[in-house]
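If you want the building blocks of each chain, they are given just below.
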Amino acid sequence: MIAEIVAIGTELLMGQIVNSDAQYLSRRLQSLGISVYYHTTVGDNPQRMRDTLALALSRSDVVITTGGLGPTQDDLSKEIVAEYLKLPMIFDEDSWRAIGDYFGKIGRVCPLNNRKQAMFALGSTILPNACGTAPGCMIEHGGKIVVQLPGPPNEMADMFERQVYGRLAERTGGCIASRYMRIYGMGESQVAQLCARWIEGDGEVTVAPYCQLGECQLRVTARGTSEADALVKVMPVVEAIRGVLGGCVYAVVDSGESSMEEAAGRELTARGLTVATAESCTGGLVAAKLVNYPGISAALGEAHVTYANEAKIKYCGVKPETLQKYGAVSEQTAREMARGLRERSGADIAVATTGIAGPGGGTKEKPVGLVYVGCADAQGVRVERLTLGGSRERIRQLAALKALDMVRQAAIGHAGR
């Protein structure tokens, strides 16, 4: 089966919001063995919506629309589909009651214009919305399937998982399963060279590399009669690649959404370790990323933004003579920041960053992008020198990524002692 995802909304074309719906749906359809050949975005214009729908149905078996299910006059997704399929719109009393109940739960009176959301093309399978007011629907007509989902990502994903995924699974004769290998500390070209036998192979299992900011990933995919059957083919390849790439593989997950902060948080909490942070150039970004991990409160004891030299002295015990002799951006200062913070906080692991994120402040000896990251544990202090390029935000993100990886490795190393 071939699918097309049609995102409806002028706000998408104007760049006011990011179309994360298409990314989510593509990944889930792939797991069903449904190939997504096209992503299309169209504004809230009736004629362009008609043209887009006609094109999508001419070349795809399944068309999934997102957005355009609201109560306002420019929300025309259902009306356009019904018109194109030459189906009358009918009112659904149960949907109207559910919309009223939703407003009642949040203490508001349901406006009459929301009645529009209870209108559907004749023959639709109505998909109730557990997270909002806009129900969706699924229409099978002329050998084609049209699924209409709300635009807000949380509503769309909940409706798809509860009510669409299973229905589509009944119509597919197989399943595709993938595992994503997240890799840090090795460039994409080196990964591709070491894994060429799998990337260039033409067997049942496909391996595809992807580049991200500061890291890369491999998607390992196979088709089977079920997910379990497909994974029987995938996992031996994953383990073979892990044997080649070693510790650079920091996670193997069933979606591409895993992150370094998740890996660091997982290693810390699984081992009952504590961590403290002191940040200059990253300005609290390392701590903020760690906080993204649920349950990190058990590990993250304290976090300091130590931009000023006085703060480095006060919270980390950096010696004034070190700052005077070597400067705030130096290996020596990063080392003392990490060691001193660990001693003062009592944490198992302490990580510190100091550098020049730009755009100004650099010199010939210490250019913009120069960053030192220090990590202290019971075995001592390790300092990494980074020479980064790009914008201020890019430098901060890459420095934080390195800091998190050092915390992750320190946590893993702690288990081996």
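Rules behind the numbers
Residues numbered from 1 in each chain as written. Predicted model: local features only at pLDDT ≥ 70, side-chain atom pairs only at ≥ 80, totals over all residues. Heavy atoms only, no water. Axes fitted to C-alpha atoms, helices over the stretch in contact; angles between N-to-C directions. Helix = DSSP H or I, 4+ residues; strand = E, 2+ residues; numbered from the N terminus. Parallel < 35°, antiparallel > 145°, perpendicular 65-115°, else oblique. Left-handed = near helix turned anticlockwise from the far one by under 90°. Contact = heavy atoms within 4.5 Å. Pairing = 2+ DSSP bridges. Phe/Tyr/Trp six-rings, centres within 6.5 Å; stacked < 30°, edge-to-face > 60°. Buried < 20%, exposed > 50% of the residue type's maximum accessible area, 1.4 Å probe, protein only. Core = buried A, V, L, I, M, F, W, Y, C linked by side-chain atoms within 4.5 Å. 1 Å grid on protein atoms, 1.4 Å probe; cavity = no way out; pocket = protein on both sides within 12 Å on 5 of 7 lines; lining within 4 Å. Points joined across faces, edges and corners; volume = space filled by probe spheres on them. Nonpolar A, V, L, I, M, F, W, Y, C, P; charged D, E, K, R; others polar. Salt bridge = Lys/Arg side-chain N within 4 Å of Asp/Glu carboxyl O.

Student: Explain the packing of helix H2 (residues 20–31) against helix H6 (residues 153–169) here, please?
Tutor: Angle between the axes and distance between the axes are the two parameters that describe a pair of packed helices. Viewed as axis vectors pointing N to C, H2 and H6 meet at an angle of 20 degrees, and their least axial separation amounts to 11 Å. With respect to H6, the axis of H2 lies roughly parallel. Crossing angle aside, the handedness with which H2 passes H6 is right-handed. When H2 is examined against H6, the residues Ser-20, Asp-21, Tyr-24, Leu-25, Arg-28, Leu-29 and Ser-31 are found in contact with a partner set consisting of Pro-153, Met-156, Ala-157, Phe-160, Glu-161, Tyr-165 and Leu-168.

Student: Quick question: what am I supposed to make of the sheet that holds strand E12 (residues 249–253) here?
Tutor: Picture the strands of a sheet paired through backbone hydrogen bonds; they go either parallel or antiparallel. Strand order in the open sheet formed by four strands is E10-E11-E9-E12, with antiparallel pairing between adjacent strands. If you trace the sheet from one side to the other, it starts and ends with strand E10 (206–212) and E12, each paired once. When strand polarity is set aside, the average angle formed by the axes of neighbouring strands in this sheet is 20 degrees. As paired elements, strand E9 (residues 175–183) and strand E11 (residues 215–224) share nine bridges and run antiparallel to each other. When the bridges of E11 are listed, Arg-179 appears paired with Val-220. Those strands touched by H2 are E9 and E11, and its axis lies near 125 degrees from that of E9.

Student: Explain the packing of aromatic side chains to me, please; I cannot follow it from the model alone.
Tutor: How two aromatic rings sit relative to each other is given by the distance of their centres and the angle of their planes. This model, assessed by the stated rule, comprises four aromatic pairs. Measuring from ring centre to ring centre gives 6.4 Å for Tyr-24 and Phe-160, while their planes differ by 85 degrees; the resulting arrangement is edge-to-face. A residue pair is termed long-range when its members are at least 10 positions apart, and Tyr-24 in helix H2 and Phe-160 in helix H6 qualify at 136 residues. Judged by relative accessible area, Tyr-24 falls into the buried class, the value being 15%.

Student: Got a minute to help me understand the nonpolar core in this structure?
Tutor: Generally speaking, a soluble globular protein has its nonpolar side chains buried in company with each other. Residues Leu-268, Leu-290, Ile-349 and Val-371 are the most contacted members of the largest nonpolar core, which totals 38 residues. Elements supplying a minimum of two residues to this core: E12, helix H10 (260–271), helix H11 (285–291), strand E15 (349–355), strand E16 (370–377) and helix H15 (392–415). The element that contributes the greatest number of residues to this core is H15, accounting for 11 residues. Leu-268 has contacts with Leu-273, Val-275, Leu-290, Ile-296, Ala-299, Ile-349, Val-407 and Ala-411, leaving out every residue within four places of it along the chain.

Student: Honestly, empty space enclosed by the protein in this entry has me stumped. Any pointers?
Tutor: Leftover empty space is mapped by rolling, across the atoms, a probe with the size of a water molecule. Applying the stated rule across the entire model yields one cavity of 30 Å³ or more. Computed from the structure, the largest cavity encloses a volume of approximately 80 Å³. Considering the residues around the largest cavity, the lining is formed by Val-6, Ile-8, Val-42, Met-49, Thr-52, Leu-53, Thr-65, Ser-77, Ile-80, Val-81 and Gln-148. Counting only elements with at least two residues in the lining of the largest cavity, the list comes to strand E1 (2–8), helix H3 (46–59) and helix H4 (77–84). For the lining of the largest cavity, a count of residues per class yields seven nonpolar, four polar and no charged.

Student: Where do I start with the pattern of salt bridges in this structure?
Tutor: Side-chain pairs of opposite charge can arise whenever the charged atoms involved come near each other. With the rule as written, the count across this model stands at 16 salt bridges. When the shortest N-O distance is used, the salt bridge between Arg-335 and Glu-331 registers 2.9 Å. Placement of the pair is Arg-335 and Glu-331 together in helix H14 (residues 331–345), with a separation of four residues, close to one helical turn. The class for Glu-331 is partly exposed, based on a relative accessible area of 35%. Arg-408 is paired through a salt bridge with Asp-405; the nearest N and O atoms lie 2.8 Å apart. Of this pair, Arg-408 and Asp-405 both sit in helix H15, three residues apart, which is roughly one turn of that helix. Residue class for Arg-408 comes out buried when judged on its relative accessible area of 5%.

The values are spatial; any link to function lies outside them.
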